Amino acid sequence: MEFSKDSKFHQQLVIVNGTLPAVLVAIDWWRGNLGANPAEFVTRATGVMTLVFLVLTLMVTPLRKLFGWNWLLKQRRLIGLFAFYYGCAHLLTYFSFDRDWHLLTVWPDILKRRFIAVGMISFLLMVPLAATSTNAMIKRLGGKRWRQLHRLTYYVAIGGVIHYLMIVKSDIRYPMAFAIAVVVLLGYRVVDKGKPSAKTA
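Residues numbered from 1 in each chain as written. Predicted model: local features only at pLDDT ≥ 70, side-chain atom pairs only at ≥ 80, totals over all residues. Heavy atoms only, no water.

## Brief notes about the packing of aromatic side chains
Then step 1. Across all of its chains, the model carries 10 aromatic pairs by this definition.
Then step 2. Pairing Phe82 with Tyr85 gives two aromatic rings, centres 6.4 Å apart and planes at 90°, and the pair type is edge-to-face. Of the two residues, Phe82 and Tyr85 both sit in helix H3 (residues 71–98), 3 residues apart, roughly one turn of that helix.
Then step 3. Since its relative accessible area comes to 9%, Phe82 is described here as buried.
Then step 4. Residue class for Tyr85 comes out partly exposed when judged on its relative accessible area of 41%.
Then step 5. Here the aromatic residues Phe53, Phe82, Tyr85 and Tyr86 are joined through ring pairs into a cluster of three or more. (Phe/Tyr/Trp six-rings, centres within 6.5 Å; stacked < 30°, edge-to-face > 60°. Helix = DSSP H or I, 4+ residues; strand = E, 2+ residues; numbered from the N terminus. Buried < 20%, exposed > 50% of the residue type's maximum accessible area, 1.4 Å probe, protein only.)

## A closer look at helix H8 (residues 152–167)
Then step 1. Between its first and last C-alpha, H8 extends 23 Å over 16 residues, near the 22 Å set by a 1.5 Å rise per residue.
Then step 2. When we look at burial in H8, the residues that qualify are Thr153, Val156, Ala157, Gly159, Gly160, Val161, His163, Tyr164 and Ile167.
Then step 3. Close packing links the buried residues of H8 with helix H2 (38–67), H3, helix H5 (114–131) and helix H9 (173–194). (Expected span 1.5 Å × (residues − 1). Contact = heavy atoms within 4.5 Å.)

## Structural notes on the packing of H2 against H3
Then step 1. Where H2 contacts H3, the two axes come as close as 8 Å, and the packing angle between them is 160°. By the angle between their directions, the pair H2 and H3 is classed as roughly antiparallel. For H2 against H3, the interelement crossing comes out left-handed.
Then step 2. Class assignment of the residues belonging to the contact of H2 with H3 gives a composition of 16 nonpolar, 10 polar and 2 charged. (Axes fitted to C-alpha atoms, helices over the stretch in contact; angles between N-to-C directions. Parallel < 35°, antiparallel > 145°, perpendicular 65-115°, else oblique. Left-handed = near helix turned anticlockwise from the far one by under 90°. Nonpolar A, V, L, I, M, F, W, Y, C, P; charged D, E, K, R; others polar.)

## Describing the UniProt feature "transmembrane region" (unreviewed entry) in the chain
Then step 1. Sites flagged by UniProt as "transmembrane region" (unreviewed entry) map to residues 12–30, 42–66, 78–95, 115–131, 152–168 and 174–191.
Then step 2. Regarding residues 78–95, the helix share stands at 100% and the strand share at 0%, and the terminal C-alpha atoms are separated by 26 Å.
Then step 3. Each end of residues 152–168 is marked by a C-alpha atom, and these two atoms are 25 Å apart; helix forms 94% of the span and strand 0%. (UniProt positions renumbered as here; feature names shortened; annotations may be inferred.)

## Points about the pattern of salt bridges
Then step 1. Tallied over the entire structure, the rule returns 6 salt bridges.
Then step 2. Ionic pairing is found between Asp109 and Arg113, a salt bridge with its closest N-O pair at 2.7 Å.
Then step 3. Residue Arg113 is classed as partly exposed on the basis of its relative accessible area, which comes to 24%.
Then step 4. A salt bridge links Asp171 to Arg173; its shortest N-O distance comes to 2.7 Å. (Salt bridge = Lys/Arg side-chain N within 4 Å of Asp/Glu carboxyl O.)

Here it is, written out as structure tokens:
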């Protein structure tokens, strides 16, 4: 049976942990516990969660190869969809809190503020990844082409880190932690690909 009880459990585990941050933020918003600037808190939280799930997506291949956790492979697309979900939420907070839904002001803002441009490009690269996350799209594209397309995840993660670094003006510990994680995870792929017997994941 392709979809085992273990697979279902792991899927439920990812779904619960993926939705929990959004639920907690919603509860704190309702209770008024988001500090003096709730809009900024939600914007930062959704952006950070986008990066968290992007990093988790990149961690799947190393963890599978190093520890034999093959079950992670079946959940990688779901983890990636949560990255897209929080990326959408992050974009909506920008439209709502920063632009007050005046969408005609978005393009001039992109040209004016470089970190907005980097964030927008990173988000746009996520769209084809989310759109091709189904089994039907994998069959339609073919496994090889699908894997090549989904290497865009690397550029999304890099862009997300740069976006975060450009926003932070003083304490860069958190964006640097993400930067180190992305560099290590991408570096692992370069080293692994260079091994004579290594197979592309």
